[in-house]
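Here is what each chain is made of, one letter per residue.
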Amino acid sequence: ADTQLCERVAALSHYETMLTVTTERTMLARLNGDCTSPIGGMASMTRDQITLRAAWIEPDGHNTYAAEGSAPLCDAAQLAEQVAIQILAQRKQAGV
């Protein structure tokens, strides 16, 4: 690998953006979603906490399953998993 190139690219990385986007994508992956799925997620962070809000809206628009949670920044991946599990549990309870 080109060390100089890696260092330059690393300087362009924005920690908050990387962490929030990774958290959203982790939740989406856990729900087996993709860019065309009716699933939305938005992560935001403060100095030491990350919050994830997510919803799965059925294509007909009649049912929405939503969840949210917060965790320390170091637990962002677990937060994404927990929020996804909450949505899956709601869908299962609804018989979907």
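Residues numbered from 1 in each chain as written. Predicted model: local features only at pLDDT ≥ 70, side-chain atom pairs only at ≥ 80, totals over all residues. Heavy atoms only, no water.

Visitor: Where do I start with the pattern of salt bridges in this structure?
Guide: Side chains that differ in charge, positive against negative, can pair when their charged atoms come close. Within the structure shown, the criterion is met by three salt bridges. Note that R30 is salt-bridged to E81, the shortest N-O span being 2.7 Å. Here R30 is found in helix α2 (residues 15-30), whereas its partner E81 is found in helix α3 (residues 76-93), with 51 residues between them in sequence. One salt bridge connects R53 with E68, and the closest N-O pair in it is separated by 3.8 Å. Of this pair, R53 sits in strand β2 (residues 49-57) while E68 is found in strand β3 (residues 64-72), placing the two residues 15 residues apart along the sequence. (Salt bridge = Lys/Arg side-chain N within 4 Å of Asp/Glu carboxyl O. Helix = DSSP H or I, 4+ residues; strand = E, 2+ residues; numbered from the N terminus.)

Visitor: How do you make sense of the sheet that holds strand β1 (residues 39-45) when you look at a structure like this?
Guide: Sheet strands pair via backbone hydrogen bonds, and the direction of the pair is either parallel or antiparallel. Here we have three strands laid out as an open sheet, ordered β1-β2-β3, and antiparallel in their pairing. Since the sheet does not close on itself, it has two edges, and those belong to β1 and β3, each with one partner. Strand after strand, the sheet turns through a mean of 10° between neighbouring axes, direction not considered. Sheet analysis places β1 next to β2, joined by seven bridges and oriented antiparallel. (Pairing = 2+ DSSP bridges. Axes fitted to C-alpha atoms, helices over the stretch in contact; angles between N-to-C directions.)

Visitor: What am I meant to see in the packing of α2 against α3 here?
Guide: When two helices pack together, their arrangement is given by the angle between their axes and by how far apart the axes lie. Here α2 crosses α3 at 35°, and the two axes come no closer than 8 Å. Considering how the two elements wind past one another, α2 and α3 form a crossing that is right-handed. Counted together, L19, T23, T26, M27 and R30 of α2 and A76, A77, A80, E81, V83, A84, I85 and L88 of α3 form the full contact between these two elements. A breakdown of the residues in the contact of α2 with α3 according to their chemical character gives nine nonpolar, two polar and two charged. (Left-handed = near helix turned anticlockwise from the far one by under 90°. Contact = heavy atoms within 4.5 Å. Nonpolar A, V, L, I, M, F, W, Y, C, P; charged D, E, K, R; others polar.)

Visitor: Before we go on, may I ask you to explain the pairing of β3 in this structure?
Guide: Sheet topology places β2 next to β3; nine bridges connect them, and they run antiparallel. For I57, the partnering residue across the bridge sits in β3 and is T64.

Visitor: I would appreciate a short explanation of α3 in the present structure.
Guide: It helps to recall that an α-helix has 3.6 residues per turn; residues three or four apart then point in one direction. In this model, α3 (18 residues) spans 26 Å end to end at C-alpha, consistent with the 26 Å of a helix rising 1.5 Å per residue. Check the buried side of α3 and you find it contacts α2, β2 and β3. Directly beyond the C-terminal end of α3, a positive phi value near 80° is found at G95. (Expected span 1.5 Å × (residues − 1).)

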